[in-house]
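A structural walkthrough
Take a look at the letters that make up each chain.
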Amino acid sequence: MPLAPEENTPAQPTIPEWMNPRTLLRASVGVAVLTIVLKTLAWWLTGSVGMLSDALESFVNLAGAVFALSMVTIAQRPADEDHPYGHHKAEFFSSGFEGILIIGASIAILWAAVNRLLNPQPLEQISWGVVLLVLSSACNGGLAWLMLRAARVHHSKALEGDARHLFTDVWTSAGVLVGMVGAALTGWHWLDPVVAMLVALNILREGSSMLWESSQGLMDEALPPEQLQRVQQLLERYSTEYDGKVRFDSLISRRAGSRNYVDLHMHMPAAWTLGRAAKLRSDVEAALMQIVPNLRAGIEVLPLGQDTVFEAAQAEQERKEKEH
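All of the points below concern the structure found in this document.

Our next topic: the overall build of the chain. Assigned secondary structure in the chain consists of 9 helices and 3 strands. Ordering the α and β elements of the chain from the N terminus gives α-α-α-α-α-α-α-β-β-α-β-α. Buried residues in the chain amount to 43% of all 324 residues. Of all intrachain contacts in the chain linking residues separated by at least 6 positions in sequence, the fraction that spans at least 24 positions is 77%.

This is the structure we're talking about:
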C-alpha cells in the first residue's frame, strides 16, 4: 500500500466548476472592454494624464486576456504525435506576452506623463472621474481575486499572469486617484503627471517580473523547493520502511504550464520478482501524485548497485576530470 502523505501537506483549495480558466478569461475580456469605456470616459471628462495612462493599461488588459484565452485553449489540447508531452507550455507564452505588453504600456505612459509635466494643465470634473475610476477598479479587483484563487487550483500560469496584471491595474488606478485628487485640492498641476510616472515605473517592474518568470518556465524550471522537499521526504520514508533495501536517486523535476514532471531511479534487490517491483513502483507513483498536483512521474527500476549507462559514463567523465 502507498504511504499516506504527511499531515503537513497543504490541502488544495476547491472552487466551483464554472470557475475554470477559459470561463474566467472570457470574463476578463468582457471586464477589460468595460473598464476601457469607463476610464476613457473619465479621461475625456477630467483631462488627467494619469487617467489616460490607466486607460492605456486597460487596452493592454484586453490584449493580454485575449492572448491568454487562446493560449489556455491550446494548452488544454491533448498530446498528439508531434507533441507527445502535450501543449502545457503554451501558458508560459501567454505570461511572457502579457509582460511585454505591460512594459510597452509603461513606456507609453512615461512618454505621456513627461509631456504633461512640461506642459501642465488644470483638471476638470474630478467627481465624475473619481466615480468612474472606483467603479472600474472594483470590477478589476473582484475578477482578479477570483482568477488568482482559481489559478492556484488549476496551476494555470496564464490565469495567474492575467490576475496579477489586473491587481496591478487596481494599484495603478489607486495611484491615479491620489494624484488626480491631490492636484485638484492643492492646485499643483504637476502632481498628476508625477504620479503617472510613478505608476508607469511600478507596472514596468511588474511586467519585467512576469517576463522573467515565463522565460524560466520555458527553460524547464524545477519544481518549487517546498514541493521537492515533500518528494524527498516521501522517498526517504519508503526507503526507511524497507530497511534501506529500496533506494532512490537521480531525482530531477520540471514544470510545463499546469503539468509537473519528476524522473527518478528506484533501486531494489535483484532477487525481487518483476511483479513485486512493479507493485512498489505503482505505490510510489500514486503517493507522489497525492503530494504534487498534476504530476507525471517517470520511475526507472534498477537492481541495487547497478547504474544506467548514462550514469556510468558520467561518473567516468567526472573521474577523468579529477585526474587532470
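Helix-helix packing: each pair is described by the crossing angle between the helix axes and the interaxial distance. The contact between helix α1 (residues 21-46) and helix α4 (residues 126-154) brings their axes to 9 Å, and the two run at 165°. The orientation of α1 with respect to α4, classified from their angle, is roughly antiparallel. In this structure, α1 crosses over α4, and the sense of that crossing is left-handed. Each residue belonging to the contact of α1 with α4 can be placed in one class, and the counts come to 20 nonpolar, 7 polar and 1 charged.

Within the element layout of this structure, A42 appears in helix α1. According to the relative accessible area criterion, A42 is buried, its value standing at 0%. Placed 86 residues apart in sequence, A42 and W128 show a C-alpha to C-alpha distance of 6.9 Å.

Let's shift gears to the sheet that holds strand β1 (residues 247-256). Read from one edge of the open sheet, 3 strands run β1-β2-β3, paired in mixed fashion. Across the chains shown, the open sheet's two edge strands, defined by having one partner strand only, are β1 and β3 (295-303). Put simply, the sheet's adjacent strands are angled 10° from each other on average, direction ignored. For strand β2 (residues 259-268) and β3, the ladder comprises 9 bridges, and the chain directions are parallel. Bridge assignment links H265 to a residue of β3, and that residue is E300. Where helix α8 (residues 274-291) meets the sheet, it contacts β1, β2 and β3, and its direction lies at approximately 150° from that of β3.

Let's shift gears to unusual backbone geometry. A positive phi angle is found at D243, which is not glycine, with a value near 55°. Within the fold, D243 resides in the loop between α7 (225-241) and β1. On the basis of relative accessible area, D243 is assigned to the exposed category, the value being 68%. You will see that S250, though not glycine, has its phi angle at about 55°, which is positive. Looking at the element boundaries, S250 is found in strand β1.

Geometrically, a pair of aromatic rings is defined through the distance of the ring centres and the angle of the planes. Under the counting rule described, the total for this entry stands at 1 aromatic pair. Above the plane of the ring of Y261 lies R254, whose end atom (NZ or CZ) is 4.1 Å from the centre. The ring of W272 has R276 lying over it, and the distance from NZ or CZ to the ring centre is 3.9 Å.

It is possible for side chains of opposite charge to pair when their charged atoms get near one another. With the rule as written, the count across this model stands at 3 salt bridges. Its salt-bridge partner being K279, residue D283 comes within 2.9 Å of it at the nearest N-O pair. Taken as a pair, D283 and K279 lie in helix α8 at a separation of 4 residues, close to a single helical turn. For K279, a relative accessible area of 43% translates into the label partly exposed.

We now examine the packing of α7 against α8. For the pair α7 and α8, the least separation of the axes is 10 Å and the interaxial angle reads 150°. Taken together, the axis directions place α7 and α8 in an arrangement best described as roughly antiparallel. Like other packed secondary-structure pairs, α7 and α8 cross with a definite hand, here right-handed. Where α7 abuts α8, its residues R230, V231, L234, L235 and Y238 lie against L280, D283, V284, A287, L288 and I291. The class makeup of the residues in the contact of α7 with α8 is 9 nonpolar, no polar and 2 charged.

On to the environment of Q306, then. Along the chain, the position of Q306 falls in the loop between β3 and α9 (309-323). In this structure, the C-alpha to C-alpha distance between Q306 and A270, residues 36 residues apart in sequence, is 9.6 Å.

The subject of this paragraph is a nonpolar patch on the surface. Side chains of L41, W43 and W44 sit close together on the surface and give an oily, nonpolar patch of about 360 Å² of accessible area. In this structure, W43 sits in helix α1. Taking the relative accessible area as the measure of exposure, W43 reaches 33% and is therefore partly exposed.

Conventions we followed
- Residues numbered from 1 in each chain as written.
- Predicted model: local features only at pLDDT ≥ 70, side-chain atom pairs only at ≥ 80, totals over all residues.
- Heavy atoms only, no water.
- Helix = DSSP H or I, 4+ residues; strand = E, 2+ residues; numbered from the N terminus.
- Buried < 20%, exposed > 50% of the residue type's maximum accessible area, 1.4 Å probe, protein only.
- Contact = heavy atoms within 4.5 Å.
- Axes fitted to C-alpha atoms, helices over the stretch in contact; angles between N-to-C directions.
- Parallel < 35°, antiparallel > 145°, perpendicular 65-115°, else oblique.
- Left-handed = near helix turned anticlockwise from the far one by under 90°.
- Nonpolar A, V, L, I, M, F, W, Y, C, P; charged D, E, K, R; others polar.
- Pairing = 2+ DSSP bridges.
- Phe/Tyr/Trp six-rings, centres within 6.5 Å; stacked < 30°, edge-to-face > 60°.
- Lys NZ or Arg CZ within 6 Å of the ring centre and 35° of its normal.
- Salt bridge = Lys/Arg side-chain N within 4 Å of Asp/Glu carboxyl O.
- Patch = residues over 30% accessible without salt bridge, like charges linked within 9 Å, V, L, I, M, F, W, Y side chains within 5 Å.
- Areas by Shrake-Rupley, 256 points an atom, 1.4 Å probe, with all protein chains shown as cover.

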